[in-house]
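Commentary on secondary and tertiary structure
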Amino acid sequence: AGEAFRLTEEDRLDGVAIYSLAVSLARFRTAALGPGKHRATMPLLRVVANATLARKESLTLRHLAGITGALARLVRQASADVEIVDIISNVTIEAAEEWPRRRKSGEAVDGRDIGYMCDALRLQGLHSSEFLEEVCLSLR
């Protein structure tokens, strides 16, 4: 966690590091975000979500989808912090709206990435018409 905060301060937290942090937090969500464990993890979760928003256009679509899916799985455990939940919702919507633009520009998209995005939207009860339209077009 300390390294992530240092990289953030130095503005050196790249897409791979953000992805790794998000996936690690999601894998260990019960232990990391369990009762009494919020002191270090919640600020780290905030760093990951804010860094994703700030770098969404430079992240690969695979990393953006993976980070979004991982963050969505953390919403239930982070529900005590409304601000973090809102940031994660913003990440999900921004990522869903970024996806069609990337696809139209020729960036490769695979089924797993689509699945992560669909799951993130579903877990949070969110909807993106642009994303849904692109998914329908890609299935044709």
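For the structure, check the block above.
Anyway, here's the lowdown on the structure attached to this text.

Analysis parameters
Residues numbered from 1 in each chain as written. Predicted model: local features only at pLDDT ≥ 70, side-chain atom pairs only at ≥ 80, totals over all residues. Heavy atoms only, no water. Disulfide = S-S within 2.5 Å. Salt bridge = Lys/Arg side-chain N within 4 Å of Asp/Glu carboxyl O. Helix = DSSP H or I, 4+ residues; strand = E, 2+ residues; numbered from the N terminus. Buried < 20%, exposed > 50% of the residue type's maximum accessible area, 1.4 Å probe, protein only. Contact = heavy atoms within 4.5 Å. Core = buried A, V, L, I, M, F, W, Y, C linked by side-chain atoms within 4.5 Å. Axes fitted to C-alpha atoms, helices over the stretch in contact; angles between N-to-C directions. Parallel < 35°, antiparallel > 145°, perpendicular 65-115°, else oblique. Left-handed = near helix turned anticlockwise from the far one by under 90°. Nonpolar A, V, L, I, M, F, W, Y, C, P; charged D, E, K, R; others polar.

**Description of the state of the cysteines**
One pass over the structure, following the stated rule, counts zero disulfides. Free of any disulfide, Cys118 has its nearest cysteine sulfur in Cys136, 9.4 Å distant.

**Considerations on the pattern of salt bridges**
Tallied over the entire structure, the rule returns eleven salt bridges. The partner of Lys56 in a salt bridge is Glu94, and the shortest N-O contact between them spans 3.0 Å. Note that Lys56 is positioned in the loop between helix H4 (38–55) and helix H5 (61–73) and Glu94 in helix H6 (residues 82–104), a separation of 38 residues in sequence. Note on Lys56: relative accessible area 15%, which makes it buried.

**Some points on the environment of Pro100**
Here Pro100 is to be found in helix H6. Along the backbone, Pro100 and Glu133 are 33 residues apart, and their C-alpha atoms lie at a distance of 8.6 Å. With residues near it in sequence (within four places) discarded, Pro100 still touches Glu130, Phe131 and Glu134.

**Things to note about the nonpolar core**
Leu13, Leu45, Val48, Ile67, Leu71, Ile88 and Phe131 are the most contacted members of the largest nonpolar core, which totals 38 residues. Only helix H2 (15–27), H4, H5, H6, helix H7 (111–124) and helix H8 (129–139) provide two or more residues apiece to this core. Per element, the largest residue contribution to this core is eight residues, and it comes from H6.

**A short note on the packing of H2 against H5**
If you want to describe how two helices pack, look at the angle between their axes and the distance between the axes. Following both chains from N to C, one finds H2 and H5 inclined at 30°, their axes separated by 8 Å at the closest point. By the angle class used here, H2 and H5 are roughly parallel. H2 and H5 meet at a crossing whose hand is left-handed. Packed against H2, whose contacting residues are Gly15, Val16, Ile18, Tyr19, Ala22, Val23 and Ala26, the element H5 presents His63, Gly66, Ile67, Ala70 and Arg73 at the interface. When grouped by side-chain class, the residues that make up the contact of H2 with H5 number eight nonpolar, three polar and one charged.

**Regarding the environment of Val135**
Considering the arrangement of structural elements, one finds Val135 in helix H8. Look at Val135 and you get buried, because its relative accessible area is 10%. In this structure, Val135 is in contact with Trp99 and Ile114, ignoring residues within four places of it in sequence.

Don't take any of this as a statement about function, it's just geometry.
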